[in-house]
Amino acid sequence: MHQFPRGSGWIEVICGSMFAGKTHERIRRLRLDALARQKVQVFKHKLDIRYGKEDLVSHDRIRIPSVPIRRATDLLDRIRTGTQVVGVDEAHFF
């Protein structure tokens, strides 16, 4: 288990080629965080409507609710107090 100073955090990047399962892995990790009773919020770019306008959806149709945003700065305005885990899909769109 990692020990971090209170109020700090880290960034995890999931990268790979197309159809490598990146979104599937992201959804899996976010679900585990939610099961661990952490407050989770998920964001994706508003232009990404491949499988749904609001949900984050993997190629194999596994989905999790998300908030579509237009700019990366919009994310800061939408994070709720107490959120512990923030998931962002397709960060390169921003």
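Check the entry above for the structure.
First, a word on scope: everything that follows refers to the structure included in this document. (Residues numbered from 1 in each chain as written. Predicted model: local features only at pLDDT ≥ 70, side-chain atom pairs only at ≥ 80, totals over all residues. Heavy atoms only, no water.)

Below, the discussion takes up the layout of surface pockets. When its volume is computed, the largest pocket comes out at roughly 1,400 Å³. Considering the residues around the largest pocket, the lining is formed by 32 residues, among which Trp10, Glu12, Gln84, Val85 and Val86 are closest to the centre. For the lining of the largest pocket, the secondary structure elements donating two or more residues are α1 (22-35) and β5 (85-88). Among the elements that take part in the lining of the largest pocket, α1 stands out by supplying 6 residues, more than any other. Residues that form the lining of the largest pocket fall into these classes: 13 nonpolar, 11 polar and 8 charged. Empty space within the second largest pocket amounts to approximately 240 Å³. (1 Å grid on protein atoms, 1.4 Å probe; cavity = no way out; pocket = protein on both sides within 12 Å on 5 of 7 lines; lining within 4 Å. Points joined across faces, edges and corners; volume = space filled by probe spheres on them. Helix = DSSP H or I, 4+ residues; strand = E, 2+ residues; numbered from the N terminus. Nonpolar A, V, L, I, M, F, W, Y, C, P; charged D, E, K, R; others polar.)

Turning to the environment of Phe19, a few remarks are in order. Within the fold, Phe19 resides in the segment before α1. Between the alpha carbons of Phe19 and Gly9 there is a distance of 29 Å; along the sequence they are 10 residues apart.

Strands sit in the order β4-β1-β5 across an open sheet of 3 strands; the sheet is parallel. Two strands close off the open sheet at either side, each with one partner strand: β4 (67-69) and β5. Neighbouring strand axes in the sheet, compared pairwise and without regard to direction, differ in orientation by 30 degrees on average. Sheet topology note: the strand β1 (residues 40-45)/β5 ladder contains 4 bridges and is parallel. (Pairing = 2+ DSSP bridges. Axes fitted to C-alpha atoms, helices over the stretch in contact; angles between N-to-C directions.)

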